[in-house]
Amino acid sequence: RTPRPGATSEISITGGCWRTEPNYSRMADWQSDGVLTRAVRRFRSDNPTWAISDETLMHDLRRADIRLIGPESTLSITIRSETEECSIAIANAYAKVLVEFSQEENRRRCDQAASNAHRSVDLMKRHMAELAQRNDSAARSEFNALTNVLYNLMVEEENVRRETDRLENETLRVRRFAERVE
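(A) Structural context of the overall build of the protein chain. What the protein chain contains, in helices and strands, is five helices and three strands. Ordered by position in the sequence, the α and β elements of the protein chain form the string β-α-α-α-β-β-α-α. Contacts in the protein chain between residues far apart in sequence, at least 24 positions, make up 71% of those at least 6 positions apart. Of the accessible surface of the protein chain, which amounts to about 10,900 Å², a share of 51% is contributed by carbon and sulfur atoms.

Pasting the structure below:
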């Protein structure tokens, strides 16, 4: 097929790496200069022989239409560039960067949540040890109440661990999918 000037290419990716809330607040991050610059570098590494300027790539990426569609949050990226082949290559590079960025962000959020839960559990245990040293009814009452809070924090910590494991499995699944796309 003969490439058309100003051609448009749309690719869609279904995956869980952007399914976590808040979906739409991440779009501002996805369209930031830092992420777009990563997409330009990815395009260059995937397509080293293409003669297209970084300025043109940034221009095309800034005009990209990104949408989350449906309950599975399918990611749709539409790129308009010089040719259909170029649009496809830019969209693929951008999609790979968005997957990587979203996985990194999910990992960072999970690590932060796990760290916060662990810190809360440690503080609670120290406070409970202090209460146990005191031997009065107010301390026992507070100790019992804190036992319930500690249990809930430990459950939250375990939930964060499970979510981290799920995200790591999702990361592997998306990477395998990306390898098949390449």
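Picking up after the structure, the text goes on.
(B) Highlighting the pattern of salt bridges. The tally for this structure, following the rule as stated, stands at twelve salt bridges. Linking Asp111 and Arg107 is a salt bridge whose minimum nitrogen-to-oxygen distance equals 3.3 Å. Note that Asp111 and Arg107 are positioned in helix H4 (residues 84-133) at a spacing of four residues, about one turn of the helix. Judged by its relative accessible area of 40%, Asp111 is partly exposed.

(C) Structural context of the nonpolar core. One finds Trp30, Leu61, Ile77, Ile79, Ile90, Tyr94 and Leu98 to be the most contacted residues of the largest nonpolar core, which totals 27 residues. Counting only elements with at least two residues in this core, the list comes to helix H1 (23-30), helix H2 (33-46), helix H3 (54-62), strand S2 (65-69), strand S3 (74-80) and H4. In terms of residue count, H4 provides more of this core than any other element does, ten residues in total. Counting eight residues, the second-largest nonpolar core is a separate cluster that includes Val121, Met128, Leu150 and Leu153.

(D) Here's a closer look at the side chain of Ser81. Residue position: Ser81 is located in the loop between S3 and H4. Separated by 2.7 Å, the side chains of Ser81 and Asp60 make a polar contact.

(E) A look at the packing of aromatic side chains. Counted under the stated rule, the structure contains one aromatic pair. Here Phe43 and Trp50 contribute two aromatic rings whose centre-to-centre distance is 5.8 Å and whose plane-to-plane angle is 75°, an arrangement assigned as edge-to-face. The class for Trp50 is partly exposed, based on a relative accessible area of 24%.

About the thresholds
- Residues numbered from 1 in each chain as written.
- Predicted model: local features only at pLDDT ≥ 70, side-chain atom pairs only at ≥ 80, totals over all residues.
- Heavy atoms only, no water.
- Helix = DSSP H or I, 4+ residues; strand = E, 2+ residues; numbered from the N terminus.
- Contact = heavy atoms within 4.5 Å.
- Areas by Shrake-Rupley, 256 points an atom, 1.4 Å probe, with all protein chains shown as cover.
- Salt bridge = Lys/Arg side-chain N within 4 Å of Asp/Glu carboxyl O.
- Buried < 20%, exposed > 50% of the residue type's maximum accessible area, 1.4 Å probe, protein only.
- Core = buried A, V, L, I, M, F, W, Y, C linked by side-chain atoms within 4.5 Å.
- Polar contact = N/O pair within 3.5 Å; in protein donor to acceptor, adjacent residues only side chain to side chain.
- Phe/Tyr/Trp six-rings, centres within 6.5 Å; stacked < 30°, edge-to-face > 60°.

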